[in-house]
Amino acid sequence: MSTTIQERAAAAAGRADTTAASPAVEAEQTTEYRPAPDPMADYEPGEQDPEMVPVHLAWLRVRREVRAIAKGEQYNGGGTRFNFRGVDTVVNTFGPVTLRHGVSVLPVNVEASYRDTTTSKGNKMRECTARVTWLIVGPVGDTLTLQTQGEALDSADKGTAKAQSVALRVLLLTSGLTPTHDKDPDASLIERGNDAPARSAESYRDEILEKGTSPARLKQINYELTNLRMLARKVQNETGEWETLDALGGRIYGERVGGGA
């Protein structure tokens, strides 16, 4: 076998000629790249697959199956009780139906904003407002693009996730035009006052200290102060000392219920 001068010099020096490529390397370099075959190239819908219809028809079929979702869950804490409709309830209702009709709901963009705030008791919280863009994909791959917004408060790092969950619940209920059994807005009438001034902390203090104020009314005052975020407001009590409206109301309530003055 003939050798080149370069190969003989390399052999004399006790090293291999690194410039000569092995047959395996040459074969690897000359092999043409071929992508892996598409596993869905020959796909044909089976008996268990959804009907291949446009996304607007598939979503219409989802809406047809999902009927009323009432407020079946109840919050009871901090002296407040109310019914609500949680995101798990809504997702558990829509999830199986969207699977049956080949519909996927995907978040494709999230725009979040934050601000620091405090509760009525002075606890630090972070408020998140998330605007989510959703892509509803039908069984044949065409899409609908929708957008919803959600808000949430959290004391740790869950505010964004909570806000997105609210946005998802809003999406499913509103885009699904889902009956909710909620009270119609026109079923009640609220007349605006003539620029009636908001109640001051001192006026609430006076009502709390008034001997004729019943325990039931004291509970109602606590609810009003919670909504107005005034529980942490300090006022001078009956002895002239500074006390929060929350502490004052709780103390007087305990005295009235316990038979005190």
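Here goes a summary of the coordinates provided. (Residues numbered from 1 in each chain as written. Predicted model: local features only at pLDDT ≥ 70, side-chain atom pairs only at ≥ 80, totals over all residues. Heavy atoms only, no water.)

1. Here we look at the overall build of the chain
Working step 1: Looking only at helices and strands, the chain features eight helices and seven strands.
Working step 2: The buried share among the 261 residues of the chain stands at 25%.
Working step 3: Residue pairs at least 24 apart in sequence account for 53% of intrachain contacts in the chain once pairs closer than 6 positions are excluded.
Working step 4: With an accessible surface of roughly 18,300 Å², the chain has 51% of that area assigned to carbon and sulfur atoms. (Helix = DSSP H or I, 4+ residues; strand = E, 2+ residues; numbered from the N terminus. Buried < 20%, exposed > 50% of the residue type's maximum accessible area, 1.4 Å probe, protein only. Contact = heavy atoms within 4.5 Å. Areas by Shrake-Rupley, 256 points an atom, 1.4 Å probe, with all protein chains shown as cover.)

2. Thoughts on the pattern of salt bridges
Working step 1: As enumerated under the stated definition, the model contains 13 salt bridges in all.
Working step 2: When the shortest N-O distance is used, the salt bridge between Arg115 and Glu127 registers 2.6 Å. With Arg115 in strand β3 (residues 104–118) and Glu127 in strand β4 (residues 124–137), this pair connects stretches of sequence that are 12 residues apart.
Working step 3: Of the residues examined, Arg115 reaches a relative accessible area of 42% and is grouped as partly exposed.
Working step 4: Residue class for Glu127 comes out buried when judged on its relative accessible area of 17%.
Working step 5: The shortest N-O distance in the salt bridge between Arg199 and Glu207 comes to 2.8 Å.
Working step 6: Shared partners join several salt bridges into a network, and the residues in it are Arg199, Glu207, Arg217 and Glu224. (Salt bridge = Lys/Arg side-chain N within 4 Å of Asp/Glu carboxyl O.)

3. Describing the packing of aromatic side chains
Aromatic ring pairs: the centre-centre distance and the angle between the two ring planes describe each pair.
Working step 1: On inspection of all chains with the given rule, the structure shows one aromatic pair.
Working step 2: Between Trp59 and Phe94, the ring centres sit 6.2 Å apart and the planes meet at 15°, which makes this aromatic pair stacked. Of the two residues, Trp59 is situated in helix α3 (residues 55–65) and Phe94 in helix α4 (residues 87–100); the sequence distance between them amounts to 35 residues.
Working step 3: The exposure class assigned to Phe94 is buried, which follows from its relative accessible area of 2%.
Working step 4: Here Arg126 stacks its cationic end above the ring of Tyr114, 4.5 Å away from the centre of that ring.
Working step 5: Its guanidinium or amino end placed over the ring of Tyr204, Arg199 lies 4.0 Å from that ring's centre, counting from NZ or CZ. (Phe/Tyr/Trp six-rings, centres within 6.5 Å; stacked < 30°, edge-to-face > 60°. Lys NZ or Arg CZ within 6 Å of the ring centre and 35° of its normal.)

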